[in-house]
Amino acid sequence: MPNAESDSYYVVLTDNENLTFEDVSKSLYSSLLEESKIMEGSIIVEMQ
């Protein structure tokens, strides 16, 4: 998604200070289990 960062946003509650927009996006859209593990201990509370 070429303009994903400017066209959408996520509000995430997390203690992981290294979590990026790309990490959250991959955890939602990827079919790989490894991609979703980055979100362990985090929760998306809002997205657009």
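Residues numbered from 1 in each chain as written. Predicted model: local features only at pLDDT ≥ 70, side-chain atom pairs only at ≥ 80, totals over all residues. Heavy atoms only, no water.

Novice: How should the overall build of the protein chain be read in this particular structure?
Specialist: On a plain count of helices and strands, the protein chain comes out with 3 helices and 2 strands. In the protein chain, the order of α-helices and β-strands from amino to carboxyl end is α-β-α-α-β. Of all 48 residues assigned to the protein chain, the portion counted as buried reaches 17%. With an accessible surface of roughly 3,900 Å², the protein chain has 49% of that area assigned to carbon and sulfur atoms. (Helix = DSSP H or I, 4+ residues; strand = E, 2+ residues; numbered from the N terminus. Buried < 20%, exposed > 50% of the residue type's maximum accessible area, 1.4 Å probe, protein only. Areas by Shrake-Rupley, 256 points an atom, 1.4 Å probe, with all protein chains shown as cover.)

Novice: So what exactly am I meant to see when it comes to the side chain of Ser27 here?
Specialist: Inspection of the secondary structure puts Ser27 in helix α2 (residues 21-29). The contacts of Ser27, once residues within four sequence positions are left out, are Glu35, Ser36, Ile38 and Met39. (Contact = heavy atoms within 4.5 Å.)

Novice: Where do I start with the pattern of salt bridges in this structure?
Specialist: Where side chains of opposite charge bring their charged atoms close, a pairing between them can arise. Applying the stated rule across the entire model yields 1 salt bridge. For Glu22, the salt bridge is made with Lys26, and the minimal N-O distance between the two is 3.3 Å. Taken together, the residues Glu22 and Lys26, both in helix α2 and 4 residues apart, mark about one turn of the helix. Glu22 gets classed as partly exposed once you look at its relative accessible area, which sits at 47%. For Lys26, a relative accessible area of 36% puts it in the partly exposed group. (Salt bridge = Lys/Arg side-chain N within 4 Å of Asp/Glu carboxyl O.)

Novice: Any chance you could explain α2 here in plain terms?
Specialist: One turn of the α-helix equals 3.6 residues, which is why residues spaced by three or four share an orientation. Restricting attention to buried positions, one finds in α2 the residues Val24, Ser25 and Ser27. Projected down its long axis, α2 carries its buried residues within an arc of 160 degrees, all on one side. The inward-facing, buried residues of α2 contact β1 (10-13), α3 (33-37) and β2 (43-47). (Arc of directions from axis to C-beta.)

Novice: For this particular structure, what's the right way to read the environment of Val24?
Specialist: Note on placement: Val24 falls in helix α2. Under the relative-accessibility criterion, Val24 is labelled buried at 3%. With 18 residues separating them in the primary sequence, Val24 and Ser42 have C-alpha atoms 9.7 Å apart. In this view, Val24 contacts Tyr10, Val12, Leu19, Met39 and Ile44; residues no more than four positions away in its chain are not counted.

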